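So the chains spell out like this:
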Amino acid sequence: MFQQKTERIKTFMRQWQLQSMVIPGIVWMFIFCYIPMFWLIIAFMDYNIAKPMLESPFVGMKHFQDFVMDDRFWRSIRNTLGMSSIRLVLGFPIPILFALLLNEIRSIRFKRTVQTISYLPHFIAWTIFGGIMLNWLGEGGVINQLMMALGIQQREILFNSDPKYFWWIAFFSDTLKETGWSAIIYIAAISGIDPGLYEAAELDGANRWQRMWYITIQCIRPTIAILFILAVSGLLGSNFEQIFMLKNNMNMKMAESIDLYIYNMGLVSGRYSFSTAVLFARSIVALGLLFLANFTSKKLNGEGIF
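Computed from a predicted structure; not experimentally measured.

**Q** Which parts of the structure should I look at to understand the overall build of the protein?
**A** Helix and strand counts for the protein stand at 17 helices and zero strands. Across its three principal directions, the C-alpha atoms of the protein cover 75 × 75 × 35 Å. Expressed as a percentage of its 306 residues, the buried residues of the protein come to 36%. Contacts in the protein between residues far apart in sequence, at least 24 positions, make up 65% of those at least 6 positions apart. Element-wise, carbon and sulfur atoms account for 67% of the exposed surface of the protein, whose accessible area totals about 19000 Å².

**Q** Quick question: what am I supposed to make of the nonpolar core here?
**A** The nonpolar side chains of a soluble globular protein tend to be buried with one another. Grouped together as the largest cluster of nonpolar side chains are 20 residues, with contacts concentrated most on Met 83, Leu 137, Phe 159, Phe 166 and Trp 167. At the level of elements, α5 (71-91), α8 (126-137), α10 (166-191), α14 (240-246) and α15 (252-255) are the ones that each hand at least two residues to this core. Here this core gets five residues from one element, more than from any other, and that element is α10. If sequence neighbours within four positions are ignored, Phe 166 has contacts with Met 83, Asn 160, Ile 243, Leu 246, Lys 247, Asn 251, Met 254 and Ala 255. Among the nonpolar cores identified, the runner-up in size contains 16 residues, and Ile 96, Ala 99, Tyr 198 and Ile 220 belong to it.

**Q** I would appreciate a short explanation of the pattern of salt bridges in the present structure.
**A** Side chains that differ in charge, positive against negative, can pair when their charged atoms come close. Summed over all chains, the structure comprises seven salt bridges. For Asp 66, the salt bridge is made with Lys 62, and the minimal N-O distance between the two is 3.2 Å. Taken together, the residues span about one helical turn, with Asp 66 and Lys 62 both in helix α4 (residues 62-68) at a distance of four residues. Among the residues examined, Asp 66 registers a relative accessible area of 29% and is labelled partly exposed. Look at Lys 62 and you get partly exposed, because its relative accessible area is 36%.

Scoring rules and cut-offs
- Residues numbered from 1 in each chain as written.
- Predicted model: local features only at pLDDT ≥ 70, side-chain atom pairs only at ≥ 80, totals over all residues.
- Heavy atoms only, no water.
- Helix = DSSP H or I, 4+ residues; strand = E, 2+ residues; numbered from the N terminus.
- Buried < 20%, exposed > 50% of the residue type's maximum accessible area, 1.4 Å probe, protein only.
- Contact = heavy atoms within 4.5 Å.
- Areas by Shrake-Rupley, 256 points an atom, 1.4 Å probe, with all protein chains shown as cover.
- Core = buried A, V, L, I, M, F, W, Y, C linked by side-chain atoms within 4.5 Å.
- Salt bridge = Lys/Arg side-chain N within 4 Å of Asp/Glu carboxyl O.

Printed below as a string of structure tokens:
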């Protein structure tokens, strides 16, 4: 044990220039992630922004009891789980399939072109991309024109004004924007596979689909498992910028996610202690989901984050 520690110290000293590159990230994380955790204490107080924090009266679990009794809170939980479940079940495999299909393209120039075009939407802010989506979904928009041209509908529909469409609008817009970017991790994992495995399989008579299933997917399975665990732990999270841009008064009952609920209660209504209590409870549940997903993944296929 002592010898292993000595070797690690020697390795660190040899690579001190490389290791020092981590320091700015550690400092950023400490300032913006760890120091703000001290303010979680206001979840147990009646915090008044006009007074010093420590002078606020301690109220224990009052705010936790309040949001549990709030019907609007449970509606936001339903909406968040609904959108997240659609994104997990239908959206999670899409970047994997895209990466697999992209890997089968033989033309390097065409492959790079497709990959570049696919991840460009990721760099467009939701304030712009959301506006584009609202334009496409509006009366006379691209979606309506396409659906009518294909004979799927007979008249124009104001999709973003009807609550029943919102979850699917959120899924469609998120998939369109993030598929290319999410696939980069899988493409990187695929690029690390030994080409000799494909050559040996081809000599044994394996066709392209068999090589994809028995070699590519099996080799990137650890990457899939880790990203799936992280996706499960984020079930109670939502893309706040996306929801904020696409929501309106007519679709609010299906659009208000837990992040939007926290925003409305905290910054809009000024109930800082209440919104902090909701955020604190959500973080605890997310941590539990992380451990549960990791435990299940390790039991099923032996892969996990820790």
